[in-house]
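Listed here are the chains, written in short residue letters.
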Amino acid sequence: MPSVIYHPAYRTYSFGNDHPFSPLRVDMMLDLLEALGQRVEMVEPEPASREEILGVHSEDYVRRVEELSAGVEVPDCQVFGLGTPDTPAFPGMDEAARWLVGGALHGARLICEHGAKRVLQLGGGLHHAQKSLASGFCIYNDLAIAINRLTSHGFSVAYVDIDVHHGDGVQQILYEDRRVMTISLHESGKFLFPGSGNIHELGSGIARGLKLNLPLQPFTEGESYLELFEQVLPVALSHFRPSVLVVQAGADAHFADPLADLMLTTQDFEVIFRRLLELADAFTAGRVLFTLGGGYSPDAVPRIWAILYLLVHDLPVPRELPEGWRSRWSTALATELPKTFHDPVPAYADVLNRQEIAHRNRQMVQRLFEATREYWS
Amino acid sequence: MLVRDIMRSPAVVITPDTTLQDAYRTMREKGIRHLPVVEGDVLVGVITDRDLRLATSALAPAPFPPGSQVSAAMSRTLQTADPLDPVEDAARIMRARKIGCLPILDEGRLIGIITGLDLLDALIRMTGVDKPSGRLEVRLPDHPGELARLTSFLSHRDLNVHSILTYPDSPDSVRTVLRVGSIEIRLIAQELRRAQFEVLWPPESPCPR
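Calculation rules
- Residues numbered from 1 in each chain as written.
- Chains lettered and ligands numbered in written order.
- Predicted model: local features only at pLDDT ≥ 70, side-chain atom pairs only at ≥ 80, totals over all residues.
- Helix = DSSP H or I, 4+ residues; strand = E, 2+ residues; numbered from the N terminus.
- Rg over C-alpha atoms; globule rule 2.2 N^0.38 Å.
- Buried ≥ 20, exposed ≤ 12 C-beta atoms within 10 Å, placed from the backbone.
- Contact = placed C-beta atoms within 7 Å.
- Core = buried A, V, L, I, M, F, W, Y, C linked by C-beta atoms within 7 Å.
- Pairing = 2+ DSSP bridges.
- Axes fitted to C-alpha atoms, helices over the stretch in contact; angles between N-to-C directions.

Asks: Can you walk me through the overall build of chain A in this structure?
Replies: For chain A, the helix and strand inventory stands at 11 helices and 8 strands. By the compact-globule yardstick of 21 Å for 377 residues, chain A fits well, its C-alpha radius of gyration being 19 Å. Each of the 377 residues in chain A was classed as buried or not, and the buried ones make up 54%. Pairs at least 24 residues apart make up 74% of the contacts formed inside chain A by residues separated by at least 6 positions.

In structure tokens, the structure reads:
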């Protein structure tokens, strides 16, 4: 049985009602699973301790998060990326962030100590947080902390980040760690925050060639995305031979996402999740830890993450959305939610320069392989 | 940004009686391509890896033997810069003279050196790409107050601008490239367009929502 990790305290990681990184997205997903008749059995984690946070973050930084969390004024907080429009300060933010880290850590512990295979952490994925910098809605880097737990147990970790934004924090924290391969698929930093994630960021020292980036053209569609995914992931994983996968399953590469411009449909996400599970079966004896991540379309995100939940449990994706759920949330969001689980076909008007986009993506992967060749021989 | 902020100081130097072979070895060991030649404190020339290769090439009409002195192959007509010169002035001199380095002199004394690579580092720093940020490019009419209109738009949204560059585009417009500390760069671009700004980057959606 897969393990599902969640705690109601995750809801306290909230920057306010107008902020896109809203706990409502997970509420909607859990309500959807319930409406589908799923009895979701949750494992409840503990919040991470201060010491566990300090495994990745600096004392200077953590102290400022704690002070802001307690309502103390911190004059230099913006130097640490805190109290900014993206990552505003809120009371209790330290503990809220430690809950999310605790969930990811608990997932790592289940894999290390209890031989768990499939673990789904229903929150977190705060991949932008750096050692001494909050960034892009992320305070503490739950992923890097969980990955360190796995590597200190002796696992080698392949981290796959399908969030539409580059997984810069995770990459940076683990840049010299040769026990960790990171692979981030994202909309090119030329167009999108945080700006990094170029193919030439390959890791440093003995880890050179183990940090991979696939910066995709804006308006990349599922067909091109999956073509590159298939070109790179199996080859990279056969080279690295990980013993566990950690997946940041952000849902913001969906075409309806307001913060980015990739064009994946829910059908594409289903294929990606299936392939990740197959890759885990093929390379890591089925061991995989999924976290959530970005995703800012209240229409698409609950459906995408519910699909992830269903696939992790080897359950089929139903055709229709439960009517009760649909009408309840249509009213709550004052918008008409779709009737079907998957997007309509076609889901959006044609992308005009589709061929050119696919062509440029192929060239990018060729350059990536040229750059990795000397490290992979 | 001034030359003194980016220069390498002190520079690795050699004397005019150094042999070409030793100059070559110094370049290899230090991983550098340009060597100022000094007599005491006084700069008397510069020798580059290109000078060495051309002087000793089998294709040269009279190739120098490896034991020749540097003074025979170095350039003596020197272009130098002051530590207080703005980096863009240094770039303009190097571009105009097609040279790869500038020795930096203070009161006639050699205190450092900059090369083309240092200028590339300066460009990278000036465009702010080392901080998590989103890139915006806006074309503005070349009138007083237009840049202020743009920056006050951003400051009303409490957005931190990590870097801002403005350069002439056409006779009556300028382009401004900004790196803004926000993940919501698409939404900001949309709001700017609604406020009648001509946003060149990020480009507009080719796929209407």
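Asks: Before we go on, may I ask you to explain the nonpolar core in this structure?
Replies: Most often, soluble globular proteins have nonpolar side chains that are buried together. Membership of the largest hydrophobic core comes to 128 residues, with the highest contact counts inside it found for A146(A), I147(A), Y159(A), L245(A), V246(A), L276(A) and L308(A). By residue number, the principal contributor to this core is helix 4 (residues 93-114) of chain A, which donates 11 residues. With sequence-adjacent residues up to four places away left out, A146(A) is seen in contact with A104(A), L105(A), G107(A), A108(A), V246(A) and L289(A). Core analysis: the second largest hydrophobic core is formed by 21 residues, L35(B), V46(B), I47(B) and A90(B) among them.

Asks: Please explain the sheet that holds strand 5 (residues 180-187) of chain A as it appears in this structure.
Replies: Sheet strands pair via backbone hydrogen bonds, and the direction of the pair is either parallel or antiparallel. Residues and elements named next belong to chain A. Here we have 8 strands laid out as an open sheet, ordered 2-1-3-8-7-4-5-6, and parallel in their pairing. Edge strands, defined here as strands with exactly one partner in the open sheet, are strand 2 (42-43) and strand 6 (211-216). Taken together, the 3 bridges between strand 1 (residues 3-5) and strand 3 (residues 118-121) define a ladder with parallel strand orientation. The residue of strand 3 that forms the bridge with I5 is Q121. Against the sheet, helix 4 makes contact with strand 1, strand 2, strand 3, strand 7 (244-248) and strand 8 (288-291), and its axis sits at roughly 170° relative to strand 3, the strand it touches most.

Asks: How should the environment of W325(A) be read in this particular structure?
Replies: All names here are of chain A. For W325, the position within the fold is in helix 10 (residues 323-333). W325 sits 293 residues away from L32 along the chain, and the two C-alpha atoms are 6.3 Å apart. Beyond its immediate sequence surroundings of up to four residues, W325 is in contact with D31, L32 and A35.

Asks: What exactly am I supposed to notice about the sheet that holds strand 5 (residues 134-141) of chain B here?
Replies: Residues and elements named next belong to chain B. The 4 strands are arranged 6-7-5-8 in an open sheet whose pairing can be described as antiparallel. Either end of the sheet is taken by a strand with one partner, and the two such strands are strand 6 (161-170) and strand 8 (198-201). Taken over all neighbouring pairs, the strand axes of this sheet differ in orientation by 25° on average, direction set aside. Across 8 bridges, the pairing between strand 6 and strand 7 (residues 173-180) is antiparallel. Paired with P168 across the strands is V174, a residue of strand 7. Against the sheet, helix 6 (residues 146-156) contacts strand 5, strand 6 and strand 7, and its axis sits at roughly 145° relative to strand 5.

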